[in-house]
Amino acid sequence: DQLKTYQTELEKRVALRTRELEIANTELASAKEQAEAVAKRMEYHAHHDSLTGLPNRNLLNDRINTGLAQARRQESMLALLFLDLDRFKIINDSLGHAIGDQLLKLISDRLKNCLREGDTVARFGGDEFMVLLPNIRSASDAGKIATKIIKSLTEPVECHGHELHITTSVGISVFPFDGSDADTL
């Protein structure tokens, strides 16, 4: 009879401890998911511009180096376009940074729409953007995409009730003709 009581008590303790462990495992799984989500956000913010969501300079450099390695292996060409928005400072100074920021977001969307899948547009800083064009067939392909970008950016931009007209200056360098590494290009 006493043995039966001990057995019942032991079964209750085992059941209670099992429930406690299940709760602890659930809490650990939730904490792990939260930590992974934080790590993912940190990884994203380390490689993307906070305003536009475009790749930043670090991610662009990584993609350039990967693209260069691939271009060397395949004996193909790659182009880099450097874009600087003309007179952007005037917009920021006269209309304010909120409108300047909104304009940069709209410009980044237009740039993305001009590119092929596999191309990269990155915000280099301020009003400067870079475009990586891997696997181009000729240097003139880069010129065609630059022309498409210039045309896209000359269309007026509606921004907080202001019709803004923006232009850009574009520089183009092509691997292997203009350099063999990211810094030179």
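Residues numbered from 1 in each chain as written. Predicted model: local features only at pLDDT ≥ 70, side-chain atom pairs only at ≥ 80, totals over all residues. Heavy atoms only, no water.

**Student:** With reference to specific residues and values, describe the pattern of salt bridges.
**Tutor:** On inspection of all chains with the given rule, the structure shows seven salt bridges. Between arginine 17 and glutamate 20 there is a salt bridge, with its nearest N and O atoms 3.1 Å apart. Placement of both arginine 17 and glutamate 20 in helix H1 (residues 2-47) is noted, with a separation of three residues, approximately one turn of the helix. Exposure remark for arginine 17: the relative accessible area of 47% places this residue in the partly exposed category. Put simply, aspartate 109 and lysine 112 hold a salt bridge, and the shortest N to O gap is 3.5 Å. One end of the pair is aspartate 109 and the other is lysine 112, both in helix H4 (residues 97-113) and three residues apart, which spans about a single turn. (Salt bridge = Lys/Arg side-chain N within 4 Å of Asp/Glu carboxyl O. Helix = DSSP H or I, 4+ residues; strand = E, 2+ residues; numbered from the N terminus. Buried < 20%, exposed > 50% of the residue type's maximum accessible area, 1.4 Å probe, protein only.)

**Student:** Before we move on, could you go through the packing of aromatic side chains and cite the residues and values that matter?
**Tutor:** Counted by the stated rule, this structure contains one aromatic pair. A centroid spacing of 5.9 Å and a plane angle of 85° characterise the contact between phenylalanine 82 and phenylalanine 124, whose relative ring orientation is edge-to-face. In this pair, phenylalanine 82 is assigned in strand S1 (residues 77-85) and phenylalanine 124 in strand S2 (residues 120-125), connecting sequence segments 42 residues apart. Taking relative accessible area as the criterion, phenylalanine 124 reaches 22% and is therefore assigned partly exposed. (Phe/Tyr/Trp six-rings, centres within 6.5 Å; stacked < 30°, edge-to-face > 60°.)

**Student:** Which residues make up the packing of helix H3 (residues 88-95) against H4, and what are the values?
**Tutor:** Axis angle and axis distance: for two packed helices, these are the angle between their axes and the distance between the axes, and together they describe the pair. The N-to-C vectors of H3 and H4 enclose an angle of 140°; their axes lie 6 Å apart at closest approach. In terms of their interaxial angle, H3 and H4 are classed as oblique. Of the residues in H4, those touching H3 at Phe88, Ile91, Asn92 and Leu95 are His97, Ile99, Gly100, Leu103 and Leu104. Considering only residue class, the contact of H3 with H4 consists of six nonpolar, three polar and no charged. (Axes fitted to C-alpha atoms, helices over the stretch in contact; angles between N-to-C directions. Parallel < 35°, antiparallel > 145°, perpendicular 65-115°, else oblique. Contact = heavy atoms within 4.5 Å. Nonpolar A, V, L, I, M, F, W, Y, C, P; charged D, E, K, R; others polar.)

**Student:** Explain the packing of H4 against helix H5 (residues 139-154) residue by residue, including any values.
**Tutor:** In contact at an axis separation of 9 Å, H4 and H5 are set at 145° when each is read in the N-to-C sense. Helix-helix and strand crossings are classified by hand; for H4 and H5 the assignment is right-handed. Contacts from Ile107, Arg110, Leu111 and Asn113 in H4 reach Lys148, Ile149, Ser152 and Leu153 in H5. When the residues that make up the contact of H4 with H5 are grouped by side-chain class, the tally is four nonpolar, two polar and two charged. (Left-handed = near helix turned anticlockwise from the far one by under 90°.)

Functional significance is not addressed by these values, which are geometric in nature.
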